[in-house]
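This is what each chain is made of:
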Amino acid sequence: MENNPSLFAAAALEAPVDLALALALPASAGHFDELHGRTLDKAPPAVGQMQGQYQSQTSQPSQMLQLAGSAAAPAPAPGPGPTAGPAASLAPDWSRFFNFLGGDGFEDLNHRTANLQRQIRDNGVTYNVYADANGPQRPWSLDLFPLILSAQDWAQIAAGVHQRARLLEHIMADVYGPQQLLAQGLLPAALVQGHPGYLRAMHGVRPAGGTFLHIAAFDLARGPDGRWWVVSQRTQAPSGLGYLLENRLAISRLFPEAFRELKVQRLAASYKALVDGMKAASPARARGEESRIVLLTPGPYNETYFEHAYLARYLGLTLVEGSDLLVRDDKLYLKTLQGLEPVHGLLKRLDDEFLDPLELRSDSTLGVPGLLQAIRAGNVLVANAPGSAFLESSALLGFLPALSSHLLDEPLALPSLATWWCGEQAALQAVLPRLKECVIKGTYPESGIESVIGQTLSRRELDEWAGRLVRRNEDYTVQAYLPLSQTPTWQGQRIAPRSTMLRVFAVADGAGSWQVLPGGLARLAGPNDKIASMQQGGSSADVWAPGESGRGAPQATAPATAEPGTPPRSATPVRHKPPVTSRAAENLFWLGRYTERTENAIRMAQLTLQSLNGEDQSSQPLLAWLSELAVKNGLVMDSVPPATQSRRVFERSLIASLADTERAASVGYNLRALKGAASAVRERLSQEQWHVIMRTEADFSSRCSAFSGPDHPASQTLEYSSVEALAALESASGFLAAMTGAQTDRMSRDDGWRLLSTGRHIERLNTLASSLILGFETGAVFDEGGFGAILALFDSTITFHAQYQQQRDVSALLDLLVLDRDNPRSLGWVTQTLRGRLARLAENTAGAPQPAPDLTPTLPDPGSWLLRDLCNPTSGAQDSGPYAGLLAQLELCCSAAFELSDTLSRRYFSHVAPDEHSLGA
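Remember, it's a predicted structure, so these values are computed and weren't measured experimentally.

S.K.: Where do I start with the overall build of the chain in this structure?
M.R.: Check the secondary structure of the chain and you find 31 helices and 21 strands. Accessible surface computed for the chain: about 38600 Å², of which carbon and sulfur atoms make up 50%.

S.K.: What is the right way to read the environment of I449 from this model?
M.R.: As for its position among the elements, I449 is in the loop between β14 (438-442) and β15 (452-453). For the pair I449 and Y476, spaced 27 residues apart in sequence, the C-alpha to C-alpha distance is 8.5 Å.

S.K.: Honestly, the sheet that holds strand β13 (residues 419-421) in this entry has me stumped. Any pointers?
M.R.: Note on sheets: strands pair through backbone hydrogen bonds, and any given pair is parallel or antiparallel. A sheet is described by the order of its strands in space; here four strands give the open sequence β13-β16-β14-β15, paired in antiparallel fashion. The two strands at the open ends of the sheet, each matched to only one other strand, are β13 and β15. Pairing of β13 with strand β16 (residues 476-480) involves three bridges; the strand directions are antiparallel. Note on β16: the bridge partner recorded for T419 is Q479.

S.K.: Is there a simple way to think about the sheet that holds strand β12 (residues 381-383) in this case?
M.R.: Reading across the sheet, the four strands line up as β7-β6-β11-β12 and stay open at both edges, with parallel pairing between neighbours. Each edge of the open sheet is held by one strand with a lone partner, namely β7 (318-320) and β12. Here the strands of the sheet are splayed against their neighbours by 25 degrees on average, with no regard to which way each runs. Relative to β7, strand β6 (residues 293-296) is paired through three bridges, and the arrangement is parallel. If you follow L296 over to β7, its bridge partner there is V320. On the sheet, helix α14 (residues 305-315) packs against β6, β7 and β11 (345-348) and is oriented at approximately 150 degrees with respect to β7.

S.K.: Help me understand the pairing of strand β4 (residues 215-222) in this model?
M.R.: Successive side chains on a regular strand alternate, one facing one side of the sheet and the next facing the other. Where burial is concerned, most of β4 is hidden: eight out of the eight residues are buried. Here β4 shows no split at all, with I215, A217, D219 and A221 on one side and A216, F218, L220 and R222 on the other all buried. Between β4 and strand β5 (residues 228-234), which pair antiparallel one after the other, the connecting turn spans five residues, and G226 there sits at a positive phi close to 90 degrees.

S.K.: Any chance you could explain unusual backbone geometry here in plain terms?
M.R.: Glycine aside, a negative phi is what most residues show, and trans is what most peptide bonds show. Following A383, the chain continues into N384 via a peptide bond in cis, with omega recorded as -5 degrees. Checked against the element boundaries, N384 lands in the loop between β12 and α16 (400-407). The phi dihedral of D795 falls on the positive side, at around 55 degrees, and the residue is not glycine. Looking at the element boundaries, D795 is found in the loop between α26 (784-793) and α27 (797-804). For D795, a relative accessible area of 47% corresponds to the partly exposed category. Positioned with a positive phi, Y883 is a non-glycine residue whose angle comes to about 65 degrees. In this structure, Y883 sits in the loop between α30 (867-871) and α31 (884-908).

S.K.: What am I meant to see in α14 here?
M.R.: Within an α-helix, residues lying three or four positions from one another point in the same direction, as the helix has 3.6 residues per turn. Among the eleven residues in α14, nine count as buried, and that is most of the element. Along α14, the residues that are buried comprise Y305, F306, E307, H308, A309, Y310, L311, A312 and L315. Directly beyond the C-terminal end of α14, a positive phi value near 75 degrees is found at G316.

S.K.: Sorry, what's going on with the side chain of S388 here?
M.R.: Within the element layout of this structure, S388 appears in the loop between β12 and α16. A residue is classified by how much of its surface remains accessible, and S388, at 0% relative accessible area, is buried. With residues up to four places along the chain from it excluded, the contact list for S388 reads M172, G197, L213, T235, Q236 and D352.

S.K.: How do you make sense of the pattern of salt bridges when you look at a structure like this?
M.R.: Where charged atoms from two side chains of opposite charge come close, those side chains can pair. One pass over the structure, following the stated rule, counts 37 salt bridges. The shortest N-O distance in the salt bridge between D352 and K348 comes to 2.8 Å. In this structure K348 comes out as buried when scored by relative accessible area, which is 1%. As a salt-bridge pair, D750 and R684 come within 2.6 Å of each other at their nearest N and O atoms. Highlighted residues: D750 in the loop between α24 (722-745) and α25 (751-778) and R684 in the loop between α22 (667-679) and α23 (687-703), separated in sequence by 66 residues.

S.K.: Sorry, what's going on with the nonpolar core here?
M.R.: Across soluble globular proteins, nonpolar side chains show a tendency to be buried alongside one another. With 100 residues, the main nonpolar core has W625, F700, L814, V818 and L904 as its most contacted residues. A total of 13 residues in this core trace back to one element, the largest contributor, which is helix α19 (residues 582-612). Residue contacts for F700: discarding those within four places in its chain leaves L658, A659, V667, G668, L671, A728, L729 and A732. Core analysis: the second largest hydrophobic core is formed by 72 residues, L168, L191, V380 and A506 among them.

S.K.: So what exactly am I meant to see when it comes to the confidence of the model for the chain here?
M.R.: Atomic detail in the predicted coordinates should be set aside for any region of low pLDDT. Residues at a pLDDT of 70 or more form 83% of the chain, whose mean pLDDT is 83. Residue range residues 549-567 is modelled with pLDDT below 50. Its contacts to residues more than four positions away, or to other chains, number ten contacts. Counting interchain partners and residues more than four positions distant, the pLDDT-below-50 stretch residues 913-921 has four contacts.

S.K.: Honestly, the environment of Q479 in this entry has me stumped. Any pointers?
M.R.: Looking at where Q479 falls in the secondary structure, it is placed in strand β16. Note: C-alpha distance between Q479 and T419 (60 residues apart in sequence) is 4.4 Å. Leaving out residues up to four positions away in the same chain, Q479 has contacts with V231, S394, L397, L417, A418, T419, W420, C438, V439 and K441.

S.K.: What should I look at first to understand the packing of α24 against α25 in this one?
M.R.: Axes are the key here: two packed helices are described by the angle between their axes and the distance separating the axes. For the pair α24 and α25, interaxial distance at closest approach is 10 Å and the crossing angle is 140 degrees. On the basis of the axis angle, α24 is oblique to α25. Residues T740, Q743 and T744 of α24 form the contact with α25, whose participating residues are W753, L756 and R760. When grouped by side-chain class, the residues that make up the contact of α24 with α25 number two nonpolar, three polar and one charged.

S.K.: For this particular structure, what's the right way to read the environment of L337?
M.R.: The topology assignment puts L337 in the loop between β9 (331-336) and β10 (339-342). Judged by relative accessible area, L337 falls into the buried class, the value being 2%. Between the alpha carbons of L337 and A585 there is a distance of 7.5 Å; along the sequence they are 248 residues apart.

S.K.: Help me understand the packing of aromatic side chains in this model?
M.R.: The description of an aromatic ring pair rests on the distance of the ring centres and on the angle between the ring planes. Summed over all chains, the structure comprises 29 aromatic pairs. Here the aromatic rings of W94 and F97 are separated by 5.4 Å at their centres, their planes lie at 75 degrees, and the arrangement is edge-to-face. One end of the pair, W94, and the other, F97, are both in helix α5 (residues 92-99), three residues apart, so they sit about a helical turn from each other. There is no split in this pair, since W94 and F97 are both buried.

S.K.: What is the right way to look at the packing of α26 against helix α28 (residues 810-819) in this model?
M.R.: The contact between α26 and α28 brings their axes to 11 Å, and the two run at 5 degrees. As judged from the angle between their axes, α26 and α28 are roughly parallel. From α26, F787, I790 and L791 reach across to α28, where they touch V810, L813, L816 and L817. Considering only residue class, the contact of α26 with α28 consists of seven nonpolar, no polar and no charged.

S.K.: What exactly am I supposed to notice about the side chain of E341 here?
M.R.: Within the secondary structure layout, E341 lies in strand β10. Judged by its relative accessible area of 16%, E341 falls in the buried class. Side chain to side chain, E341 and R292 meet in a polar contact 2.7 Å long.

Basis of the calculations
- Residues numbered from 1 in each chain as written.
- Predicted model: local features only at pLDDT ≥ 70, side-chain atom pairs only at ≥ 80, totals over all residues.
- Heavy atoms only, no water.
- Helix = DSSP H or I, 4+ residues; strand = E, 2+ residues; numbered from the N terminus.
- Areas by Shrake-Rupley, 256 points an atom, 1.4 Å probe, with all protein chains shown as cover.
- Pairing = 2+ DSSP bridges.
- Axes fitted to C-alpha atoms, helices over the stretch in contact; angles between N-to-C directions.
- Contact = heavy atoms within 4.5 Å.
- Buried < 20%, exposed > 50% of the residue type's maximum accessible area, 1.4 Å probe, protein only.
- Salt bridge = Lys/Arg side-chain N within 4 Å of Asp/Glu carboxyl O.
- Core = buried A, V, L, I, M, F, W, Y, C linked by side-chain atoms within 4.5 Å.
- pLDDT = per-residue confidence, 0-100.
- Parallel < 35°, antiparallel > 145°, perpendicular 65-115°, else oblique.
- Nonpolar A, V, L, I, M, F, W, Y, C, P; charged D, E, K, R; others polar.
- Phe/Tyr/Trp six-rings, centres within 6.5 Å; stacked < 30°, edge-to-face > 60°.
- Polar contact = N/O pair within 3.5 Å; in protein donor to acceptor, adjacent residues only side chain to side chain.

Structure (structure tokens):
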């Protein structure tokens, strides 16, 4: 993206604010302009006026109907009203922002945009869209400019959100308790007990700690009159807490001066308050025990999985899936390498209906059987408590003003958008004539009704919708249409307005106590869209809430001070060793195996292509060994003629299969499998490590894009260039070196890492042992070319020449590749390392309910290997030729690798013993 010199030529001469005014495009007619702090054109009637017209047209409204709108709440002080003509100045906070752009000012914005996009890509920030044609992994979209709220705006928003969080908590306590609101007619039963999100199994249950809601999110929009209105609320598993934190880290680094001078409030205190509040409310704390809180995710294919992994890492929580948990004796347990460990708190990131297949959706594989019973028993805290989905219905918004007066004895500080539930005849009749001015929504999620803006409908379509509302009135809710305010965004050469919605979060920091996270997540609509939706290709923006200080929320209590004269005491930090779940352990194990398998496949492919075009290309033993090796390791199909019969056909097939992820298990297939295993344990990997994994696959796929399989329609016109293939393999080899280096030196040496290392060495043991067997069977080890190729496969060429110079003696080869326990590519070193890893795993589970057996006897002992025994025939065996002892040990290594893999899977990745299976009715 290049800057236009004509636009920025005067940047050094003009004040930044003047240049911003010159570059800014006007907001759309009737929309509040955040940049200028006013509506530039005549706005449509305010939503409050529309609601007043609605009430005046209903002659005898029922009790429900009187509560249906938000006009019962006093309107806040009006903001800047609509003005005609162009704005002569920017809003004060935006003026300060542009004055602190930095030395390069507007000339540097495109460079900062490129840095922002690179940072998002490098950090692996994604928002997965299920139906996206570009694949499940889509980079998170973040605009360069933040949404800046004035101190007055934020004070009103924070007070209103805080009040609404308290109100929703009171509603939950009543609905799942005495249900007085239903009995007194303040809430229609159809919106509560008729809602699929109301869980009868939870009625009468008081959650652990006494708090139903720990996180509540509110979607706000600013109208043309400058007022903020609540459009919707989310309580089941509101998303955005992780993305807004990533947004803040990215944008604050790009505008450090503006961030500092505007004194933007910090976020960290609210996140800490959330976790501390959950720990304080958990049943373990009541017993004086340490609380274990975990974060429950649906898995890597969820649209917001990045956020789940990010939050778990930031909050210091273990990321778990439903399969990681089980319920026994009404208590929740986590499957770990140490056995079953109790769980006291669950921060869930999936909807209620998937939580428990025994009592909710029977087809759910995401939840935990028996979880609701554990909640009813008071043995686990769940945030939020199951059963809050009915609060998310848009129809409920219209009843909140009266509920606030009844439950809190307070008017709503932040009004809801005018809302009519069509389940009441008076509301239905009043809203039918004005559908053109409204938005039609579904009352219940199961209805599958998409929101429809009345302005986009023809007269005939409006009549059709009116008929649907009459026939299925309870299923529909109508809201007044609100033109969204438009915030400035940087579009390369201009400052362009985009419609925006603001999501603000409240978190519980104790029983009945709430904090409003200072800031939020702004969702931006596309240039021609009226709805701000990430699923529809929208973008996001950081939200800055300026305060009197740069700090976040104040501390609840002042720190205790020591008595005068008392020497300071050094506090001993409490180390919490995070558990390694069985699922994470299994994925780490396979991450290690696929890493080693990919590295071996790259080395084999390089060696094969080099040999087929090198000075030893006529060596039949070498070609036979390479052919057997390629087929055994999935580099070519077994139907391809071997290199001894058709060298060029074999070479073309090998190149064509390199990036194939469907028909061959070559490099591309293993890279994809490696990325899949890594994505399942992303919270345990550094951003740099994940970035290397992503880049490895992308780079290799891009470099191999010119290769084509024999069935490809363009194969007749493409050259199968071994030079280009070797260049792609060389690049992938460099990435793999970085990847294995990160696994070795940048991961904690816990039992999860030991299983990753064990997986790598099991794969190495099997591959090297079987390759050496094939070397003897094909005679390649006795061939000069084959001898060098085997050394190259073991990555030991330099070491061999340094130790044995130019010898071509098989005994020297075996001494280095089998016996030398200082060579990390020798079988002796691999088996010795494996035995050490297994012994440490057994040692670490010694105190577990089911201690792990010592698996070291499964492996051969390299200390008992002697060179003369390996080179001589097997004693006492008839017709055993030379090296029979070696071949027997190599076969033992291969079988031990398979047996060890199966044994580890049974021991560490499953917690069901033979006598623990249950039979269903």
